[in-house]
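# Inside the fold
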Amino acid sequence: MIIELGHFTLILALLVAIVQMVFPMVGAHKGWRSWMAMGEPAATVQFLLLGFSFAALMSAFVTSDFSVKLVADNSHTLKPMLYKVTGVWGNHEGSMLLWCLILAFFGALAAWFGGNLPETLRARVLSVQAAVGVAFITFLIFTSNPFVRLAFPPMNGQDLNPLLQDPGLAFHPPFLYIGYVGLSMSFAFAVAALIEGRVDAAWGRWVRPWTLLAWLNLTVGIALGSWWAYYELGWGGFWFWDPVENASFMPWLIATALLHSAIVVEKREALKSWTILLAILAFGFSLIGAFIVRSGVLTSVHAFANDPERGVYLLAITAIFMGGALTLYAARAGQLQSKGVFGVVSRESALVANNVLLAVATFVVFLGTIWPLVAEMVWDRKLSVGAPFFDAAFTPFMIALAVILPIGSVLPWKRAAVGRVMRPLWLAMLVAFAVAALAWTVQAEKSLIAPMGAFLAAWLLLGAANDLWTRAGRGNIASKLRRMVQLPRADWGRIVSHGGLGITIFGIAAMTAWAIEDIRVANIGDRFEVGRYEVSLDDVRRIDGPNYISTIADVTVLRGGRVEAKLTPEKRFYPVAGMPTTEAAIDNGVFRDLYVVIGDPQDGGGWAVRTYVKPFANWIWAGAIFMAIGGALSLSDRRFRVAAGARKLPSGVPAE
Amino acid sequence: MRRWLVLVLLIATPVFAVQPDEILDDPALEARAREISQGLRCLVCRNENIDESNAELARDLRILVRERLVAGDNDTEVLDFVVSRYGEYILLTPRADGANLILWLAGPVLLIGAGTIAGLFLRRRRGGEAEQALTVEENQRLVQLLDE
């Protein structure tokens with residue numbers, strides 16, 4: 001019964017979304033306030049209806065109601081409760097419902113906290129947001145209905161893919177979806193502004209918190225996914241340039257560019273039409289991502305559903321929204337007058353350079369992702385574009401970005417003198433070179449990757465410190481410290497995020513260049529050396545888990561005769577899904593991870609054992625967490641909370 | 001549970017990435033083999049190179065690559081051999097020839113294009129700068145105001 005109710009509220013939500021799409025838009029056009037006012041209650045009601053719908057589906061998963069097809073296909077009574085709950089979004093239909101719910105949630109947030117927006121802008125934003133909702137709820141109901149019942153319910157379910165039964169992955173999709181869907185708000189603001197024909201500093205200030213919120217969740221989601229790949233997929237890789245990974249990375253890159261260009265709109269009223277374009281494209285890449293993941297046109301390790309009908313529908317959604325928005329953009333962008341003028345050397349032009357690098361890098365990733373498709377359709381060449389291409393084609397852009405970042409972030413607005421800005425930075429650069437030289441001397445092989453990573457990391461971290469120091473103004477240490485504490489949170493956010501980027505870059509470089517690998521056959525009781533560690537295989541046992549059976553090894557890692565870590569790598573087999581998984585055992589550390597995997601028993605006795613020493617591995621994700629924390633700090637900045645003042649006092653832009 | 005155990009023995013014998021018995025004795029040759037393997041796609045997998053893949057076919061390919069290396073092929077010859085057998089699809093690094101040049105040159109060309117546009121834009125914005133500067137009278141007025 002509750003399932004039917006959930007189904008019913010889903011259909012009601014569609015109807016409410018249609019109302020929310022039509023009435024405020026017409027009202028804003030005609031100047032009918034009562035019609036415009038319908039947007040807010042509609043947004044709230046739509047959110048509540050979808051919330052009920054989602055709760056209904058979750059209850060079916062929690063109670064293992066196998067008369068619901070989706071539950072029978074993706075759950076099992078023996079599955080731990082955590083994964084029964086997260087199993088709701090571990091499949092195409094459920095995750096799409098979550099997508100719609102988050103979409104409605106953002107609409108409701110805009111309705112609740114949008115009180116300071118001009119009436120017509122708010123009405124139009126809610127309307128555009130509802131239009132996206134209508135498209136996706138229709139998609140859900142007609143091609144991927146999660147509430148379909150089975151006439152003959154099975155005794156038990158078919159279990160969730162064992163790879164997905166993992167805490168890292170359980171919470172990875174919600175973060176990603178908040179990111180993807182959050183960008184729909186930036187899109188809605190962009191389209192609404194184009195319809196209004198007006199973009200000013202206030203608009204920049206309104207659109208930034210939404211983009212920040214989406215961006216920081218996307219950051220966390222991507223980091224979680226990469227961390228999961230590191231410990232679950234096998235050999236400690238953290239990024240595979242898989243089409244699905246790229247699908248999440250492209251919106252992130254564009255959202256990063258958007259965050260930076262929106263600052264220029266807010267502070268200087270320049271780059272307006274470019275920022276609008278980025279806002280449209282950021283959501284466009286989210287839509288393309290949904291298409292890539294769910295249509296199966298590109299083979300990928302984590303493709304959800306390979307269903308051409310769904311693919312066509314999603315492609316249509318992408319085409320309609322992008323086509324519509326870009327047409328509107330072509331017609332209106334000319335009207336957007338940029339005001340601010342600035343010199344060639346200025347904060348503005350540094351941000352332009354940031355945008356150029358990020359946008360071109362995104363396009364390169366995009367082209368590489370779809371190239372196999374293009375090559376096959378146009379030239380009938382079946383080819384692959386894999387990690388080696390992306391590493392070569394993408395990395396230079398990030399290096400260039402990291403090199404200009406510490407300079408750009410301290411350049412004054414309007415017009416700057418490079419000499420003055422660079423004075424403290426020369427020292428930073430010198431230290432960064434020293435760090436790179438150190439990295440060069442400690443390594444055995446003659447690779448430039450690690451020294452380069454070390455240089456960029458030191459340069460970015462010292463740059464962030466210099467940013468903070470400069471921002472704290474003149475005076476003695478005490479007054480500087482006092483001013484540091486009082487700096488706007490947005491400044492702290494920028495500094496922390498930029499430092500985080502440095503940490504991630506170093507982690508990636510160190511792990512790429514310095515990882516040690518050892519693959520061998522070991523008998524129980526064997527001891528062998530890996531790098532400066534000694535590894536001993538003590539025992540191999542068989543144990544039963546709740547819904548799997550496991551071969552588990554006891555491994556001791558010693559260093560200089562002292563026990564460094566005791567590890568228990570596992571090889572699990574999930575009988576219901578008929579799938580084996582490897583559970584690597586990892587001893588996490590600040591400077592290195594010890595990573596042990598147990599393989600198959602060998603014909604001549606003994607077990608295949610793989611041991612890795614991964615230096616600075618955790619820096620990759622720690623850096624990403626710092627970036628997200630920076631985003632959160634910036635989001636909590638006072639000026640976003642009091643954004644109401646921005647409209648009343650256009651001249652009240654705080655001097656920075 | 002017993003039935004499961006039987007199942008495990010029947011089904012769960014996945015081959016794991018590079019196996020100890022595949023590794024060549026010559027470390028230099030092995031390093032080259034690893035390098036080459038990382039650039040070859042496992043044809044039956046979704047998107048994995050043969051170095052990381054658990055599939056049977058990937059193992060066969062890894063062994064094939066090592067056989068060619070032991071036979072004295074250089075890296076290019078190994079790649080050509082594999083491509084002649086399995087087609088271009090197996091290369092994770094698309095060859096920079098024909099239409100693929102578009103793919104390879106897209107980054108640099110776009111960067112130059114976007115850089116030029118951005119440069120022109122910056123010059124144009126700077127053009128307005130003079131209007132913003134204070135005129136002589138305005139400056140005098142400013143000094144006056146400050147004096148008061």
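From a predicted model like this one, the values you see are computed outputs, not experimental measurements. (Residues numbered from 1 in each chain as written. Chains lettered and ligands numbered in written order. Predicted model: local features only at pLDDT ≥ 70, side-chain atom pairs only at ≥ 80, totals over all residues.)

### Thoughts on the overall build of chain A
Across its full length, chain A holds 22 helices and 10 strands. Against the globule reference of 26 Å for 656 residues, chain A gives a C-alpha radius of gyration of 26 Å, in line with a compact fold. The principal-axis extents of the C-alpha atoms in chain A amount to approximately 80 × 75 × 55 Å. The proportion of buried residues among the 656 residues of chain A is 55%. Considering only contacts within chain A whose residues lie at least 6 apart along the sequence, 75% involve residues at least 24 apart. (Helix = DSSP H or I, 4+ residues; strand = E, 2+ residues; numbered from the N terminus. Rg over C-alpha atoms; globule rule 2.2 N^0.38 Å. Buried ≥ 20, exposed ≤ 12 C-beta atoms within 10 Å, placed from the backbone. Contact = placed C-beta atoms within 7 Å.)

### Focus on the overall build of chain B
Helix and strand counts for chain B stand at seven helices and zero strands. In sequence order, chain B lays out its α and β elements as α-α-α-α-α-α-α. Within chain B, buried positions represent 25% of all 148 residues. Nonlocal contacts in chain B, meaning residues at least 24 apart in sequence, comprise 51% of its contacts between residues at least 6 apart.

### So, the confidence of the model for chain B
Residue and element names in this part refer to chain B. Per-chain confidence: chain B averages 77 in pLDDT, with 81% of residues scoring 70 or above. No element of chain B has a lower mean pLDDT than helix α1 (residues 2-11), at 42, and none a higher one than helix α4 (residues 75-86), at 87. Here the complex is predicted with pTM 0.88, and the ipTM for its interfaces comes to 0.81. (pLDDT = per-residue confidence, 0-100.)

### Examining the interface of chain B and chain A
In this assembly, 43 residues from chain B lie in contact with 47 residues from chain A. Elements with a minimum of two residues in the side of chain B that touches chain A: α1, α5 (100-127) and α6 (129-132) of chain B. With 11 residues, α5(B) is the single largest residue contributor to the side of chain B that touches chain A. Partitioned by chemical class, the residues of the side of chain B that touches chain A number 24 nonpolar, 11 polar and eight charged. (Nonpolar A, V, L, I, M, F, W, Y, C, P; charged D, E, K, R; others polar.)

### Observations regarding unusual backbone geometry
Residue and element names in this part refer to chain A. Positive phi, normally seen in glycine, also occurs at Trp241, with a value near 55°. Positionally, Trp241 belongs in the loop between α10 (201-232) and α11 (243-268). Here Trp241 falls in the buried class, since 20 other C-beta atoms lie within 10 Å of it.

### Here's the deal with the sheet that holds strand β8 (residues 585-587) of chain A
Residue and element names in this part refer to chain A. Pairing in this open sheet of four strands is antiparallel, and the strands run β1-β10-β9-β8 from one edge to the other. Edge strands, defined here as strands with exactly one partner in the open sheet, are β1 (516-522) and β8. Ignoring which end each strand starts from, the neighbouring axes of this sheet average 15° apart. (Pairing = 2+ DSSP bridges. Axes fitted to C-alpha atoms, helices over the stretch in contact; angles between N-to-C directions.)

### Considerations on helix α14 (residues 347-379) of chain A
The end-to-end C-alpha distance of α14(A) is 45 Å, a good match for the 48 Å that 33 residues give at a rise of 1.5 Å each. At A:Ile370, α14(A) shows its strongest bend, of approximately 50°, with the proline A:Pro372 following within four residues. (Expected span 1.5 Å × (residues − 1). Bend = angle between axes of the 7 residues up to and from the residue.)

### Focus: the nonpolar core
Formed by 242 residues in total, the largest nonpolar core has its most connected members in A:Cys100 and A:Phe189. A per-element tally of this core places α10(A) first, with 20 residues. (Core = buried A, V, L, I, M, F, W, Y, C linked by C-beta atoms within 7 Å.)

### A short note on the pairing of strand β4 (residues 549-559) of chain A
All names here are of chain A. Here 10 bridges tie strand β3 (residues 533-544) to β4, and the two strands are oriented antiparallel to one another. Of the residues in β4, the one forming a bridge with Asp544 is Ile549. Hairpin connection of β3 to β4: four residues between the antiparallel strands. As paired strands, β4 and strand β5 (residues 562-567) are joined by five bridges and run antiparallel to one another. Pairing of Val555 across the sheet is with Leu567, part of β5. In textbook terms, the turn of a hairpin is the stretch between consecutive antiparallel strands, and for β4 and β5 this stretch comprises two residues, one of which, Gly560, has a positive phi near 60°.

### Focus: the packing of helix α9 (residues 172-196) of chain A against α11(A)
Residue and element names in this part refer to chain A. Contact geometry for α9 and α11: axes closest at 11 Å, N-to-C directions at 45°. With respect to their mutual orientation, α9 and α11 come out oblique. For the pair α9 and α11, the crossing hand works out as left-handed. Across from Leu176, Tyr180, Leu183 and Ser186 in α9, the residues of α11 making contact are Ser248, Pro251, Ala255 and Leu258. For the contact of α9 with α11, the per-class residue count stands at six nonpolar, two polar and no charged. (Parallel < 35°, antiparallel > 145°, perpendicular 65-115°, else oblique. Left-handed = near helix turned anticlockwise from the far one by under 90°.)

### Describing the environment of A:Arg310
Mapping A:Arg310 onto the fold places it in helix α13 (residues 308-332). For the pair A:Arg310 and A:Ser295, spaced 15 residues apart in sequence, the C-alpha separation works out to 6.2 Å.

### Concerning helix α15 (residues 387-408) of chain A
Residue and element names in this part refer to chain A. The end-to-end C-alpha separation of α15 is 30 Å, in line with the 32 Å expected for 22 residues at 1.5 Å each. Where α15 bends most, at Phe394, the angle is about 30°, and the proline Pro396 comes one to four residues later. Residues of α15 that are buried include every one of Phe389, Phe390, Ala393, Phe397, Leu401, Ala402, Leu405, Pro406, Ile407 and Gly408, and no others.

### Considering the packing of α11(A) against α14(A)
All names here are of chain A. Look at α11 against α14: their axes get within 9 Å of each other, and the N-to-C directions meet at 160°. Taken together, the axis directions place α11 and α14 in an arrangement best described as roughly antiparallel. Our pair here, α11 against α14, has a crossing hand that is left-handed.

### Focus on the environment of B:Leu40
By the element assignment, B:Leu40 lies in the loop between α2 (27-37) and α3 (56-70). In this view, B:Leu40 contacts B:Asn49, B:Ile50, B:Leu61, B:Val82, B:Ile90, B:Leu91 and B:Leu92; residues no more than four positions away in its chain are not counted.

### Thoughts on the confidence of the model for chain A
Any region with low pLDDT has predicted coordinates that should not be read closely. Residue and element names in this part refer to chain A. Of the residues in chain A, 95% reach a pLDDT of 70 or more, and the chain-wide mean stands at 86. Here helix α22 (residues 644-648) stands out as the least confident element of chain A, with mean pLDDT 40; helix α3 (residues 39-62) is the most confident, with 93. Confidence drops under pLDDT 50 across residues 643-656; counting only partners more than four residues distant or on other chains, this segment forms 15 contacts.

### With respect to the environment of A:Ser550
Residues and elements named next belong to chain A. On the secondary structure map, Ser550 appears in strand β4. Judged by the 19 C-beta atoms lying within 10 Å of it, Ser550 is partly exposed. Expressed as a C-alpha distance, the spacing of Ser550 and Thr582, which sit 32 residues apart in the sequence, is 9.5 Å. Setting aside residues no more than four positions away along its own chain, Ser550 makes contact with Ile543, Gly545, Glu570, Lys571 and Arg572.

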